[in-house]
Amino acid sequence: MPTLVTGASGFLGRALCPLLTDAGHAVVGVQRTRPVPPGVQPLLLPAVPDNGPELAAWIHESRPARVLHLGSPVNPARDPALWEEMQTGVLQTTAHIARACAATDTPLVLVSTCEVYGDGPAPFHESQRPQPVSPYSAAKAAAELWVSTLARTQGLRALILRPFLAYGPHQERRGLVPAAVRAAVRREPFPMTAGAQTRELNHVQDLARGIAMAAESGLWGHTLNLCGGPELPVLQIVQRIFDLAGADRSLIMPGALPTRSGEVARFCGDPSLCASLLGYQPRIDLDAGLRACIDAERAA
């Protein structure tokens, strides 16, 4: 029986699938617009907002060993107009998958997001109430609640993971790290906010390893942070990238951009529960991870 991975073509999915295939698992990956990683059997689906019905039908027919649900639109903008898109692509798709898993007794690992904590007190712990601040994070929180409901009432074997702020080579350039890496490699000015807010960074390979561990753990009924990376002020992160790239720090322009309304001052997770239950800890040193990003950008 194969393992189904939604989001197999995404940033995290591309890191996860090789770990699964190297461990001897047959992997089927959802492919919509981008190809799945080598060694993964593609499940071709149309690029529509909700592939839930097709995925549910495949689960009923194929009875996979497990479902790792990573696939999701991602847009953390605080624009209420995004709610319909997120409700469809996040909540509705997850609802179809979860119902099919419950009906077929298929274990489900729901890869959610640390964004559900929003502007809550940090370091974020799994026991605190989610405080989403965007349609994306609200839809993720609602999807978690629905999966937990099916686990309590329908016997769904489910584990919810909340990975924290991924970075790594070949990441889309809208994030802080890839944007700063690109500017540093090209020796371009980098306008930014004052950068006093802190963020926790976790290498994508570490997070993928944590998901693979969770899929084998049998820790059904739990919600776990995948975190433990270093927490640093944003300005220090950018300065570190420029230093590692050999770029002049004078190109960094702190304060050139206004601080976003409602900016979260501190964003990091409490790793203790995941460490104790799963034995997960990050392994990749931040400088080594950032150097890999810089090398990948130079080779692009």
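Since this is a predicted model, take the numbers as computed values, not measurements.

Some points on the overall build of the protein chain
And step 1. Looking only at helices and strands, the protein chain features nine helices and 14 strands.
And step 2. The globule rule puts the C-alpha radius of gyration for 300 residues at 19 Å, and the 19 Å found for the protein chain is close to it.
And step 3. Taking the intrachain contacts of the protein chain between residues at least 6 apart in sequence as the baseline, contacts between residues at least 24 apart amount to 78%.
And step 4. Within the structure as shown, the protein chain displays about 13,000 Å² of accessible surface, and the carbon and sulfur contribution to it stands at 53%.
And step 5. Of the charged side chains in the protein chain, 26 are positive and 26 negative, and the gap between their average positions amounts to 1 Å.

Topic: the pattern of salt bridges
And step 1. Within this structure, the stated rule accounts for nine salt bridges.
And step 2. For Arg240, the salt bridge goes to Asp287, with nearest N and O atoms at 2.6 Å. You can see Arg240 sitting in helix H7 (residues 234-244) and its partner Asp287 sitting in helix H9 (residues 286-299), a full 47 residues away along the chain.
And step 3. On the basis of relative accessibility, which here comes to 29%, the residue Arg240 falls in the partly exposed class.
And step 4. Among the charged side chains, a salt-bridge network with shared partners connects Arg199, Arg260 and Glu263.

Considerations on helix H1 (residues 11-22)
And step 1. Residues of H1 that are buried include every one of Phe11, Leu12, Gly13, Ala15, Leu16, Cys17 and Leu20, and no others.
And step 2. Where H1 is buried, its residues contact strand E1 (3-6), strand E2 (27-31), strand E4 (66-69), strand E5 (108-111), strand E7 (166-167) and helix H6 (204-217).

Let's talk about the sheet that holds E1
And step 1. Strands sit in the order E3-E2-E1-E4-E5-E6-E11 across an open sheet of seven strands; the sheet is parallel. Strands at the two margins of the open sheet, each flanked by one partner only, are strand E3 (41-44) and strand E11 (223-226). When strand polarity is set aside, the average angle formed by the axes of neighbouring strands in this sheet is 20°.
And step 2. With three bridges joining them, E4 and E5 adopt parallel strand pairing.

Focus on the nonpolar core
And step 1. Formed by 30 residues in total, the largest nonpolar core has its most connected members in Val5, Leu12, Leu16, Leu68 and Leu161.
And step 2. Elements with a contribution of two residues or more to this core: H1, E5, strand E6 (158-163), H6, E11 and helix H8 (272-278).
And step 3. Counting residues per element, this core draws most heavily on H6, at seven residues.
And step 4. Once you skip the residues sitting within four places of it in the chain, Val5 turns out to touch Leu16, Cys17, Leu20, Val27, Val28, Gly29, Val30, Leu68 and Leu70.
And step 5. With 25 residues, the next largest nonpolar core counts Val234, Ala245, Ala247 and Ile252 among its residues.

Things to note about unusual backbone geometry
And step 1. Note the cis peptide between Ala122 and Pro123, where omega equals 5°.
And step 2. Along the chain, Pro123 turns up in the loop between E5 and helix H4 (135-154).
And step 3. Although it is not a glycine, His170 adopts a positive phi angle of roughly 70°.
And step 4. For His170, a relative accessible area of 64% corresponds to the exposed category.

Some details on the packing of aromatic side chains
And step 1. All chains considered together, the criterion is met by six aromatic pairs.
And step 2. Centre to centre, the rings of Tyr117 and Phe124 are 4.8 Å apart; their planes meet at 5°, and the pair counts as stacked. Both residues of the pair, Tyr117 and Phe124, count as buried.
And step 3. Each residue in the set Tyr117, Phe124, Phe164 and Phe267 is aromatic and connected to the rest through ring pairs, giving one cluster.

Here is what the cut-offs are and how they apply
- Residues take numbers from 1 onward in each chain, read along the sequence in its written order.
- Given that the model is predicted, a residue must reach a pLDDT of at least 70 before its local features are reported, and side-chain atom pairs must reach 80 or more before they are shown or counted; all residues, however, enter totals for whole chains, interfaces and linings.
- As a rule here, side-chain values cover all heavy atoms of the structure and leave hydrogens and water aside.
- Only DSSP runs of H or I reaching four residues or more are called helices, and only runs of E reaching two or more are called strands; each is numbered from the N terminus.
- Atoms considered for the radius of gyration are the C-alpha atoms alone. The globule rule reads 2.2 Å times the number of residues to the power 0.38.
- We call two residues in contact whenever any of their non-hydrogen atoms come within 4.5 Å of each other.
- Per-residue and other accessible areas follow the Shrake-Rupley method at a 1.4 Å probe size, with only the shown protein chains counted as cover for residues.
- Neither His nor the chain ends is counted toward charge; the positive residues are Lys and Arg and the negative residues Asp and Glu.
- Charge positions are represented by NZ for Lys, CZ for Arg, CG for Asp and CD for Glu.
- Definition used for salt bridges: Asp or Glu carboxyl oxygen within 4 Å of a side-chain nitrogen of Lys or Arg.
- Remark: exposure states derive from per-residue accessible area (1.4 Å probe, protein chains only) relative to the maximum for the residue type, with buried under 20%, exposed over 50%, and partly exposed in between.
- What makes two strands pair is DSSP finding at least two bridges between them.
- The axes are straight lines fitted to the C-alpha atoms, using for helices just the contacting stretch, and the angles between their N-to-C directions are given from 0 to 180°.
- Among buried residues, those of type Ala, Val, Leu, Ile, Met, Phe, Trp, Tyr and Cys that are joined through side-chain atoms within 4.5 Å constitute a nonpolar core.
- Any Phe, Tyr or Trp ring, taking Trp's six-membered ring, that has another such ring centre within 6.5 Å forms a pair; planes under 30 degrees apart are called stacked, those over 60 apart edge-to-face, and the others tilted.

Interpretation note: all reported values are geometric properties and have no functional meaning in isolation.
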